[in-house]
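Letter by letter, the chains look like this.
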Amino acid sequence: MTKCDIAIIGGDSRTAYMAPYFAKKGWHVICCNTVNVPYSRHLKSKIQNTGSLRECISASSIIVCGIPFSKGEHIYCEKQTADFEITVAEFQRCVRRHQTIFAGVIPENFRAVCEEREIYCHDFMLDEPLSILNAVSTAEGAILEALLHKSTVIHKSSCLVLGFGRCGKIIADRLKGLCACVTVCTKSDTELALASSLGFHTLKLSKLPQTIHRFEYLFNTIPACILNRSCLERVSKDCLIIDIASNRTGADYEAAKQLGINLRCCPGLPGKYSGKSCAKQLSEYVVQHICK
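Predicted model, so just to flag it, every value in this text is computed and none were measured. (Residues numbered from 1 in each chain as written. Predicted model: local features only at pLDDT ≥ 70, side-chain atom pairs only at ≥ 80, totals over all residues. Heavy atoms only, no water.)

S.K.: Whenever I open this one, the environment of Ser151 confuses me. Can you help?
M.R.: Tracing the sequence through the fold places Ser151 in the loop between α5 (128-148) and β9 (158-162). Judged by its relative accessible area of 78%, Ser151 is exposed. Put simply, Ser151 and Ala255 are 104 residues apart on the chain and 24 Å apart in space, counted from C-alpha to C-alpha. (Helix = DSSP H or I, 4+ residues; strand = E, 2+ residues; numbered from the N terminus. Buried < 20%, exposed > 50% of the residue type's maximum accessible area, 1.4 Å probe, protein only.)

Rendered as structure tokens:
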């Protein structure tokens, strides 16, 4: 079996674009269940594919997985099919002592088991600069989704941003740059004060049901079911809701369907729209750690 410098398993376009980045640096890469790896002919000798998880993991001491690392009991793979699903348990059986894993949103129980076995984990999303850059890609993707699925301009439209964390801040800023009328809604008085100081309209979360009917676009970043049936019943029929909260936790999707609300679940936006840019940042993070 050919030994490689880096193994890439699953993920989406971000991990796919990491392969040629590493190859250009002179490293040999092996990929397993990774979506269409884009590479030119002169890099062909440095990138190989395998359908064997065990072969891929055994080939290198450095393993790169996607963001998130897993979905439910399976390793996150955008191209995953029923014929070839990689379970977290199977992955865990294959990794060995002193290997290093890079991925995003690594479950704490998986990390704890790895620590006991002297397997090293680096979580992309625990790195603040990477998290901010990921939020930028998410914000741009959220606005693109809005433009793709509503036949009106954002310019001078009434936009509501639920939550004012990393993603909420950047979405609000980008909407403001498009000359939208932006309102920030959160339960935190500190976040509302900050939003107001930055020139946004503000709304206390407890007042959301009474005012939600005013908005044409709604961007939810809060990973809790704020958009319950009671709220959704008051949403304008012309409103588009973009929900980027993880695992469909931001809204009552069944109620939205029954009420005819245009609610779109939009996970993995960086991988969908900005894989190449994200891959460069993620790859540089890996290089920085393995070259110490």
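So much for the structure itself; the text now carries on.
S.K.: Please explain helix α4 (residues 108-116) as it appears in this structure.
M.R.: Note that an α-helix has 3.6 residues per turn; residues three or four places apart therefore point the same way. Among the residues of α4, those classed as buried are Phe110, Arg111 and Cys114. Projected down its long axis, α4 shows its buried positions confined to an angular sector of 100 degrees, all on one face. Of the exposed residues in α4, those oriented more than 90 degrees away from the buried face are Glu108, Asn109, Glu115 and Glu116. Where α4 is buried, its residues touch α3 (88-94), β7 (100-103) and β8 (120-123). Taken from the residues just after α4, Glu118 is the one with a positive phi, measuring 60 degrees. (Arc of directions from axis to C-beta. Contact = heavy atoms within 4.5 Å.)

S.K.: Where do I start with the pairing of β7 in this structure?
M.R.: Remember that side chains alternate between the two faces of the sheet whenever the strand is regular. Burial along β7 is two-sided: Thr100 and Phe102 facing one way and Ile101 and Ala103 facing the other are all buried. Pairing between strand β4 (residues 62-64) and β7: 3 bridges, direction parallel. Bridge pairing links Ile62 to Thr100 in β7. Sheet topology places β7 next to β8; 4 bridges connect them, and they run parallel. The partner of Ala103 across the bridge, within β8, is Asp123. The β-α-β motif built from β7, the intervening α4 and the parallel element β8 has right-handed crossover chirality. (Pairing = 2+ DSSP bridges. Right-handed = clockwise from strand over helix to strand, strands pointing away.)

S.K.: It is not clear to me how the sheet that holds strand β13 (residues 240-243) should be interpreted in this structure. Could you clarify?
M.R.: Consider a sheet: its strands pair through backbone hydrogen bonds, and that pairing is either parallel or antiparallel. As summarised here, the arrangement of the 6 strands in space is β11-β10-β9-β12-β13-β14, forming an open sheet in which the pairing is parallel. Where the open sheet ends on each side, the last strands, each with one partner, are β11 (201-204) and β14 (262-265). Taking the axes of each pair of neighbouring strands and ignoring which way they run, one obtains an average angle of 20 degrees across the sheet. Of the pairings in the sheet, the one linking β9 to strand β12 (residues 217-220) comprises 4 bridges and is parallel in character. If you follow Cys159 over to β12, its bridge partner there is Tyr217. Contacts from helix α7 (residues 189-197) reach β10 (181-186) and β11 within the one sheet, and its direction differs from that of β11 by about 165 degrees. (Axes fitted to C-alpha atoms, helices over the stretch in contact; angles between N-to-C directions.)

S.K.: Help me understand the packing of α5 against helix α12 (residues 275-290), please; the structure alone is not making it clear to me.
M.R.: Angle between the axes and distance between the axes: these two values describe a pair of packed helices. Viewed as axis vectors pointing N to C, α5 and α12 meet at an angle of 170 degrees, and their least axial separation amounts to 11 Å. Regarding the angle of α5 to α12, the classification is roughly antiparallel. Where α5 approaches α12, its residues Leu130, Leu133 and Ser137 are matched on the opposing element by Cys278, Gln281, Leu282 and Tyr285. Considered class by class, the residues forming the contact of α5 with α12 number 5 nonpolar, 2 polar and no charged. (Parallel < 35°, antiparallel > 145°, perpendicular 65-115°, else oblique. Nonpolar A, V, L, I, M, F, W, Y, C, P; charged D, E, K, R; others polar.)

S.K.: What exactly am I supposed to notice about the packing of aromatic side chains here?
M.R.: Note on aromatic pairs: each is described by the distance of the centres and the angle between the planes. Under the counting rule described, the total for this entry stands at 9 aromatic pairs. Here Phe124 and Tyr285 contribute two aromatic rings whose centre-to-centre distance is 5.6 Å and whose plane-to-plane angle is 70 degrees, an arrangement assigned as edge-to-face. With a gap of 161 residues between them, Phe124 in the loop between β8 and α5 and Tyr285 in helix α12 connect regions that are remote in the sequence. As far as the burial class goes, Phe124 and Tyr285 line up, both buried. When the centroid spacing of 6.1 Å and the interplanar angle of 75 degrees are considered together, the rings of Phe164 and Phe200 count as edge-to-face. (Phe/Tyr/Trp six-rings, centres within 6.5 Å; stacked < 30°, edge-to-face > 60°.)

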